[in-house]
Amino acid sequence: MLCASGRLLAAQAATTLPAPPQAPGPALHCRRRELHFPGYPELPSCDPLAGRLVRQSVPLGRRAIRRRGKMPPATGGGLAESELRPRRGRCGPQASRAAGRDVAARAAARNPKGPAWGSRRFETASRWALLALVTLLSFATRFHRLDEPPHICWDETHFGKMGSYYINRTFFFDVHPPLGKMLIGLAGYLSGYDGTFLFQKPGDKYEHHSYMGMRGLCAFLGSWLVPFAYLTVLDLSKSLSAALLTAALLTFDTGCLTLSQYILLDPILMFFIMAAMLSMVKYNSCADRPFSALWWFWLSLTGVSLAGALGVKFVGLFIILQVGLNTIADLWYLFGDLSLSLVTVGKHVTARVLCLIVLPLALYTATFAVHFMVLSKSGPGDGFFSSAFQARLSGNNLHNASIPEHLAYGSEITVKNLQMAIGYLHSHRHLYPEGIGARQQQVTTYLHKDYNNLWIIKKHNTNSDPLDPSFPVEFVRHGDIIRLEHKETSRNLHSHYHEAPLTRKHYQVTGYGINGTGDSNDFWRIEVVNRKFGNRIKVLRSRIRLIHLVTGCVLGSSGKVLPRWGWEQLEVTCTPYLKETLNSLWNVEDHINPKLPNISLNVLQPSFPEILLESHMVMIWGNNGLKPKDNEFTSKPWHWPINYQGLRFSGVNDTDFRVYLLGNPVVWWLNLLSIVLYLLSGSIIAVAMQRGTRVPAEVAGLSQVLLRGGGQVLLGWMLHYFPFFLMGRVLYFHHYFPAMLFSSMLTGILWDTLLRLCAWGLASWPLARGIHVVGILSLLLGTAYSFYLFHPLAYGMVGPLAQDPQSPMAGLRWLDSWEF
Amino acid sequence: MWGFLKRPVVVTADINLHLVALTGMGLLSRLWQLTYPRAVVFDEVYYGQYISFYMKRIFFLDDSGPPFGHMVLALGGYLGGFDGNFLWNRIGAEYSSNVPVWSLRLLPALAGALSVPMAYQIVLELHFSHCAAVGAALLMLIENALITQSRLMLLEAVLIFFNLLAVLSYLKFFNCQKQSPFSLSWWFWLTLTGVACSCAVGVKYMGVFTYMLMLVVAAVHAWHLIGDQTLSNVRVFCHLLARAVALLVIPAVLYLLFFYIHLTVLFRSGPHDQIMSSAFQASLEGGLARITQGQPLEVAFGSQVTLRSVFGKPVPCWLHSHQNTYPMIYENGRGSSHQQQVTCYPFKDVNNWWIVKDPRRHQLVVSSPPRPVRHGDMVQLVHGMTARSLNTHDVAAPMSPHSQEVSCYVDYNISMPAQNLWRLEIVNRRSDTEVWKTILSEVRFVHVNTSAVLKLSGAHLPDWGFRQLEIVGEKLSRGYHDSTVWNVEEHRYGTSQEQREREWELNSPVQVDASRNLSFMARFSELQWRMLVLRSDDSEHKYSSSPLEWVTLDTNIAYWLHPRTSAQIHLLGNIVIWVSGSLALAIYMLLFLWYLLRRRRNVHDLPQDAWLCWVLAGSLCAGGWAVNYLPFFLMEKTLFLYHYLPALTFQILLLPVVLQHISDHLCRSQLQRSVFSALVVAWYSSACHVSNTLRPLTYGDKSLSPEELKALRWKDSWDILIRKH
């Protein structure tokens, strides 16, 4: 919100400028402008190298103009500067930074303009050194004691296992997209892990299995969060101290540290989120050079990171939303710029569509393509998918299937719903409970392969055994009246005028009869979609409807999960509405008939888009299925920012090696305070600006940073936090961490700006400048000290629990809800 | 001063005959044959019981909405002299003669009737023509679903009335703002906006959506006001303050007032008592108060108590034990301690009594003077009827194997020692030496040997446990949770040392005398909290539908069927209006987007004031539709077609706005304009025709033949009842 208003202000300011010349290059320059802090000449410019080059290229004579340019940015300071800026001045060196620090350093070394600019160069070098220091510290904290504990911690049991699946190439099902697990698998593969460890339950020892590769990958990606946040804040606030503060908050946060040290999806997800944020900010600041190589580079890098974020978890949608909002605001602004022709605007739109929609989608699809290519063997996830899908998997009974082709009486079959993630028609020896329709045997759909999915297809009027060799084989034909007998319990598929358990408008479906003898409510007419009467029915390929003879309803599954009495399988109903939906269409999957010859079938090969769509449907269904059970303690979103309760990663008792995921309370509570302070100061500034209050240039510049830079970060925090309040699924503490990154960046920007404003307000006081330095330093040291206190949470602690005064953590259990 | 003598006293009355005529027609359509059918129709069965509770002054809890809506309905009953004696048990039951059907249905019908002239005024205040305004009102008038819903004892009509009132008064206020800020009418309309908003919220929580919309619109206007530099700072501050008071403070106070009246009127205990805390129940006349009055406040060693789980989920229950033991081996092959079962039991029973015993002494009676139990004291809990003490040990609980089993200790002379010491923790204590108080203290029992906490797991035991609720010892106390907290409900000082005497004493009723009252705010916050968190276990209803089916009217609700003939009432909209409403919305959005983009490129298709009108009309009408419709996609409760009606009214308001805009700005020539008007007239006649055709299903006054009914089933998904003979 605030970010947008900041932009609008800029837009208003831009319209007040004298009409820019029509030449395409400089005309664009007036739109973006830099922020300056005239009171702090020791801060050269936004960017370590950019600053140097800008100054080098500005002839001395023009510096006077630059001085004049230091008006409040909203009224044209940027214009002066950006017009004077040489073409490659601003963005060039950033590419080299992205390519790697050493390359950049070499580039800097090669720079011919040496000695005259020694002090500047020193400054730049010190900036690089600072970045290097931040990165190094981040890596050091993340890799310190990475190998401990040498047993499975918390969700490593899932994601490690899924990594192994990739190495073993067996198919599995998970509610998250595949990229994160693929990377884990790759890291494991490269580091010599052979995929043989079972990852059964937390606490199992790894022993000789190599797990450091997988943890190393996560720690490596997690370590980049700090420099990314540093650079993002630096770009947004143009202030080294803000960036440093942010970096310190993240480096010294025990929560981020813990989360980056294990085989989890979160470090990978956060890496991509932060990368997207950083490249978005970078490409925003390249906006004065549209279509330059650097602009394309950051724009496409944004797209790539978005694809990565979405490819790891669907939480990536939030950062996509943020980039989307930013892009819309950006385009809206360009569209309103009358100096740009519609063709140019069209080019802008196309570039963004290409880089932010087409490219990510292509990459995202590519990860799925790799996923399906790698996982070619049958595994535990088969039953979630359609028959056609399963036929792709070697080892599945449908792969290169050899079964009787046409359905005949007496065959044992399994019947699968065509709707995704519904499963097989199933029954078991349990009755519907009292008060829910007739007290007869339950009929459900079930996603896993099981003997209770087997049905025998029989003629409706005779009970003779069709497998008797004296009878000829009789095929089932379209329009026949049949009876389906459940093989294990010998009850018939039955329906009657009772309400179905969940979908009250439908009729109940039960298993009825004894040893196959029931009543006329057991008769069903079998119909094939789009075929003529009298035709045979093909296994796998025919799409079948079963129509109840007496009531005229159609057998279907509502896809709703039955309560505990139905073992949380899905409801089967008979729907009186004859709408043709996938839920009421079935196909025959397994087919066993000893009297028929087996024929090798070329099963319908599903196309890639079909597979992709199907796997997404299954994932969405799976995510919705993760509902909290009754009376389960689940974490509530409002717990998170106050650091109310952590997650136990490893160990319970005082003899165990305990790791506890909990944010560093000092950092987190500071973040919380900062959000409140930000809202307060932000609204004061916004109201003042709306009232048209005249403020000195310096304050105006600072409030721009607060509104625009802080606004973007605040938007990120809101987008990564508030949607969780609407989610029905099970939530955990670690879902907050992406939001926490944004909130730490906000803290950095806010405190730096506030301290500067403070220093400015007390300018008459001789030590005013010191306020800023002292404030930032004390924040930095305070965070570091709190990390010293709380570091055992992340690096592991042994010994008595914190209640015990003997414990090293004694006195640090500030909230009763913390359990360490 | 004597001026009135110099000039004649003249009273000029402007009577807008449009308005009068529309009001008359609205009243006619809504009040005609109001008492028919003289039987319970659909949700009347639901609201009726609450009216009866109001008439009988019995406390109830309804999680569907705040009490104002119920109170409005009850007011009708009060005016009609209803005594509350009617058994609301099934739809279609004939009303007995003591039920004043007319006055019960009167208030919703009036609300529905007044919505018609209000639609007229709203469109007028949006600065559209009289013609468009009359059009909007006429559409409201003939919309079948709105007629059906207003003619019955239901709340949607009242909600829609307050929604429209809020919009209307805000518009009046906004128009006053330009001419005469801080004038009397300015204050009046501003205050009325706040009042109408809080009434809408008070009728149904859905009203919050409209309230939010009004707040957002008011905030945007206030933001413009802040930017208006011709106003002085003080004046801007006054403006903001007035808005904050009228739109934030007044609604909050009114909302509290509804609850205040609710709690003052309903002072008797009733069937929903058990959902509330013991303290709340004790504040009601009769019920628990009758039992707990006069019981000693401080629990002492030797006290006899019943312990109620504060959590109360899935049902409120009391700590209970009985002679039966846990089965030696469970179905899944795990073993138990085979000691006496401890459960949580949702009914009052003599087996719910426990005696608080001092572990250091043997006596089970209260010494004189009584020694109160304090926070941190060690206690044993002895079951009154069996004299066995509460025990837990390292054996897996029957349904939750991760927790410890809780039993009453039976000594089988085997290796399982008694572990029956518990430490008392008062959760809501003020100091660490606080005394354990009846009803008021919320306590946890922490096991001394294993530091497990006594907890209600929420699982039901199988048949061997008589389907009572499972009690476990939670080893990992993951912070505070209500399921581990208990309070003393009934309490008396034990006097009999002998087991037999004690049994007799336990079976005798408790002796009685003073009362403890909760403050209003405490009662309000508890009631509000329970209303918000209470999840009625609503499985799907036969006529429930999903939001997607509403826009195209793919569903209906059969409200009532005549017991003998095939006369029937349905909630079924006028499909022409529904479809054209959705179309108008789509056209509005497209046009708005088009104008917006063009304006951005500095092409002004509309003059500035027309554009502002167009935006304001859109943000109120299209915005009203969106806020009243889209949130339903996120809701997980059972939804019905009538939930769409508030959104529909906003769509109906938008329809003439769009039509007039097309005629004014998009029809280029006079010819086009005439053709367009003719089309509009034709369209409106078809809407009237549809409305008239569906009339028998709206009023239910005419019995149709099966063929006629079949002919009315225009969509396969409509469920029209056809009798089989």
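Basis of the calculations
Residues numbered from 1 in each chain as written. Chains lettered and ligands numbered in written order. Predicted model: local features only at pLDDT ≥ 70, side-chain atom pairs only at ≥ 80, totals over all residues. Heavy atoms only, no water. UniProt positions renumbered as here; feature names shortened; annotations may be inferred. Helix = DSSP H or I, 4+ residues; strand = E, 2+ residues; numbered from the N terminus. Contact = heavy atoms within 4.5 Å. Areas by Shrake-Rupley, 256 points an atom, 1.4 Å probe, with all protein chains shown as cover. Salt bridge = Lys/Arg side-chain N within 4 Å of Asp/Glu carboxyl O. Buried < 20%, exposed > 50% of the residue type's maximum accessible area, 1.4 Å probe, protein only. Domains from an automatic or database assignment. Axes fitted to C-alpha atoms, helices over the stretch in contact; angles between N-to-C directions. Parallel < 35°, antiparallel > 145°, perpendicular 65-115°, else oblique. Nonpolar A, V, L, I, M, F, W, Y, C, P; charged D, E, K, R; others polar. Buried area = accessible area lost by both parts, 1.4 Å probe. Polar contact = N/O pair within 3.5 Å; in protein donor to acceptor, adjacent residues only side chain to side chain. Patch = residues over 30% accessible without salt bridge, like charges linked within 9 Å, V, L, I, M, F, W, Y side chains within 5 Å. 1 Å grid on protein atoms, 1.4 Å probe; cavity = no way out; pocket = protein on both sides within 12 Å on 5 of 7 lines; lining within 4 Å. Points joined across faces, edges and corners; volume = space filled by probe spheres on them. Phe/Tyr/Trp six-rings, centres within 6.5 Å; stacked < 30°, edge-to-face > 60°. Lys NZ or Arg CZ within 6 Å of the ring centre and 35° of its normal. pLDDT = per-residue confidence, 0-100.

In the nomenclature of an unreviewed UniProt entry, chain B corresponds to Dolichyl-phosphate-mannose--protein mannosyltransferase from the organism Sapajus apella. Listed under Pathway (unreviewed entry) in UniProt, the entry text for chain B is "Protein modification; protein glycosylation." Per its UniProt entry, chain B bears the Sequence similarities (unreviewed entry) comment "Belongs to the glycosyltransferase 39 family."

The name recorded for chain A in an unreviewed UniProt entry is Dolichyl-phosphate-mannose--protein mannosyltransferase, from Sapajus apella. Regarding chain A, the relevant UniProt record gives this comment under Sequence similarities (unreviewed entry): "Belongs to the glycosyltransferase 39 family." Within the UniProt record for chain A, the comment given under Subcellular location (unreviewed entry) is "Endoplasmic reticulum membrane".

1. Observations concerning the overall build of chain A
Per the secondary structure count, chain A includes 24 helices and 16 strands. For chain A, restricting intrachain contacts to residue pairs at least 6 apart in sequence, the fraction spanning at least 24 positions comes to 76%. Entry remark: accessible area of chain A is about 33,200 Å², with carbon and sulfur atoms responsible for 64%.

2. Brief notes about the pattern of salt bridges
Summed over the entire model, instances satisfying the criterion amount to 29 salt bridges over all chains. Among the ionic pairs, Arg352 of chain A bridges to Asp330 of chain A, the shortest N-O distance being 2.8 Å. One end of the pair, Arg352 of chain A, is in helix H18 (residues 342-374); the other, Asp330 of chain A, is in helix H17 (residues 316-336), and 22 residues separate them in sequence. Asp330 of chain A matches Arg352 of chain A in its accessibility class, with the two residues each being buried. Where Arg371 of chain B meets Asp358 of chain B, a salt bridge forms, and the shortest distance between an N and an O atom there is 2.9 Å. Here Arg371 of chain B, found in the loop between strand S4 (353-357) and strand S5 (378-383), pairs with Asp358 of chain B, found in the loop between S4 and S5; they are 13 residues apart in sequence, far enough to count as distant. For Arg371 of chain B, a relative accessible area of 25% translates into the label partly exposed. One connected set of salt bridges, linked through shared partners, spans Asp235, Lys238 and Lys282 of chain A.

3. Quick notes on the UniProt feature "transmembrane region" (unreviewed entry) in chain B
All names here are of chain B. With numbering matched to this structure, UniProt assigns "transmembrane region" (unreviewed entry) to residues 126-147, 154-174, 186-203, 208-226, 246-267, 571-597, 609-627 and 639-659. Annotated as 77% helix and 0% strand, the span residues 126-147 places its first and last C-alpha atoms 25 Å apart. Secondary structure content for residues 639-659 is 71% helix and 0% strand, and the end C-alpha separation is 32 Å.

4. Here's the deal with unusual backbone geometry
Glu148 of chain A connects to Pro149 of chain A through a cis peptide bond whose omega is -10 degrees. Structurally, Pro149 of chain A is set in the loop between helix H8 (118-143) and helix H9 (156-168). In this structure, the amide linkage connecting Tyr36 of chain B to the following residue, Pro37 of chain B, adopts the cis form with an omega of -5 degrees. With respect to the helices, strands and loops of the structure, Pro37 of chain B is situated in the loop between helix H2 (17-31) and helix H3 (44-56). A positive phi angle, close to 55 degrees, is found at Glu568 of chain A, a residue other than glycine. With respect to the helices and strands, the residue Glu568 of chain A is situated in the loop between strand S11 (554-561) and strand S12 (570-575). Backbone geometry at Phe182 of chain B places phi at a positive 65 degrees, although glycine is not the residue there. You can see Phe182 of chain B is positioned in the loop between helix H8 (156-179) and helix H9 (184-203).

5. Quick look at the side chain of His70 of chain B
Residue and element names in this part refer to chain B. Of note, His70 is situated in helix H4 (residues 67-79). Overall, the relative accessible area of 4% leaves His70 in the buried class. Non-local contacts of His70, meaning those with residues more than four positions away in its chain, are made with Tyr47, Tyr50, Tyr54, Phe60, Asp62, Ser64, Gly65 and Leu155.

6. With respect to the domain arrangement of chain B
On domain assignment, one finds that chain B holds domain 1 (159-260), domain 2 (290-509) and domain 3 (545-724). Spacing between the C-alpha centres of domain 2 of chain B and domain 3 of chain B amounts to 60 Å.

7. A closer look at the packing of helix H15 (residues 266-285) of chain A against H17 of chain A
All names here are of chain A. Running from N to C, H15 and H17 point in directions that differ by 10 degrees, and their axes come no closer than 10 Å. The orientation of H15 relative to H17 falls into the category roughly parallel. Contact with H15, carried on its side by Leu269, Ile273, Ala276, Met277, Met280, Tyr283 and Asn284, involves Gly316, Ile319, Gln322, Val323, Asn326, Thr327 and Asp330 of H17 and no other residues of that element. Considering only residue class, the contact of H15 with H17 consists of 8 nonpolar, 5 polar and 1 charged.

8. Some thoughts on the interface of chain A and chain B
The interface is formed by 31 residues belonging to chain A together with 36 residues belonging to chain B. Carbon and sulfur atoms supply 53% of the area buried between chain A and chain B, which totals about 2,800 Å² over both sides. Joining chain A to chain B, the criterion identifies 0 salt bridges. In this structure, the connection of chain A to chain B is made through 10 residue pairs in polar contact (both at pLDDT 80 or more). Listing elements by their share of the side of chain A that touches chain B, those giving two or more residues are H17, H18 and helix H21 (665-690) of chain A. Ranked by the residues each element gives to the side of chain A that touches chain B, the list is headed by H17 of chain A, at 5 residues.

9. A look at a nonpolar patch on the surface
Among the surface-exposed residues, Trp638, Ile642, Val666, Trp669, Phe722, Phe725, Leu726 and Trp814 of chain A together with Leu548, Leu630, Phe633 and Leu634 of chain B lie close enough to one another that they form a single nonpolar patch of about 1,200 Å² accessible area. Looking at the secondary structure, you find Phe725 of chain A in the loop between helix H22 (697-721) and helix H23 (737-761).

10. Side note on the UniProt feature "domain: MIR" (unreviewed entry) in chain B
Here, the residues flagged by UniProt with the feature "domain: MIR" (unreviewed entry) are residues 296-359, 370-427 and 431-491 of chain B. Measuring from the first to the last C-alpha atom of residues 296-359 of chain B gives 22 Å, for a span that is 0% helix and 41% strand.

11. Focus on empty space enclosed by the protein
All names here are of chain A. Its volume calculated, the second largest cavity comes out at about 120 Å³. Along its surface, the second largest cavity is lined by 15 residues, and Phe172, Asp174, His176, His371 and Met619 are the ones closest to its centre. Among the secondary structure elements, those contributing two or more residues to the lining of the second largest cavity are H18 and helix H20 (608-625). Class assignment of the residues belonging to the lining of the second largest cavity gives a composition of 10 nonpolar, 3 polar and 2 charged.

12. What about the UniProt feature "domain: MIR" (unreviewed entry) in chain A?
Residues and elements named next belong to chain A. The sites that UniProt annotates as "domain: MIR" (unreviewed entry) are residues 404-460, 473-529 and 534-591. Split by type, residues 404-460 is 0% helix and 46% strand. Its first and last C-alpha atoms lie 22 Å apart. For residues 473-529, the helix share is 0%, the strand share is 44%, and the end-to-end C-alpha distance is 24 Å.

13. Some words on the packing of aromatic side chains
Given two aromatic rings, one states the distance between the centres and the angle between the planes to describe the pair. All told, the structure shown has 95 aromatic pairs over all chains when counted by the stated rule. Consider the rings of Trp669 of chain A and Trp818 of chain A, whose centres lie 6.0 Å apart with planes at 25 degrees: the pair is stacked. With Trp669 of chain A in helix H21 and Trp818 of chain A in the segment after helix H24 (768-795), the pair connects residues that are 149 residues apart, well separated along the chain. Looking at Trp669 of chain A, the relative accessible area reads 31%, which means it is partly exposed. Between Trp32 of chain B and Tyr699 of chain B, the aromatic rings sit 5.5 Å apart at their centres with planes inclined by 80 degrees, giving edge-to-face as the arrangement. One end of the pair, Trp32 of chain B, is in the loop between H2 and H3; the other, Tyr699 of chain B, is in helix H21 (residues 695-699), and 667 residues separate them in sequence. Its relative accessible area of 36% is what places Trp32 of chain B among the partly exposed residues. Ring pairs connect the aromatic residues Phe318, Trp640, Trp668, Trp717, Tyr721, Phe722, Phe724, Phe725, Phe733, Tyr736 and Phe737 of chain A, which therefore count as one cluster. Sitting over the face of the ring of Tyr409 of chain A, Lys459 of chain A holds its NZ or CZ atom 5.4 Å from the ring centroid. Lying across the ring of Phe280 of chain B, Arg523 of chain B places its NZ or CZ 5.2 Å from the centre.

14. So, the confidence of the model for chain B
Low pLDDT marks stretches whose predicted atomic positions should not be read closely. All names here are of chain B. Chain-level statistics for chain B give a pLDDT mean of 87 and a share of 93% at 70 or above. Considering each helix and strand of chain B separately, the mean pLDDT is smallest for helix H13 (residues 288-292), with a value of 65, and largest for H9, with 95. In this model residues 511-515 is a low-confidence stretch, pLDDT under 50, and it forms 11 contacts with partners more than four residues away in sequence or in other chains. As scored by the predictor, the complex reaches a pTM of 0.76 and an ipTM of 0.73.

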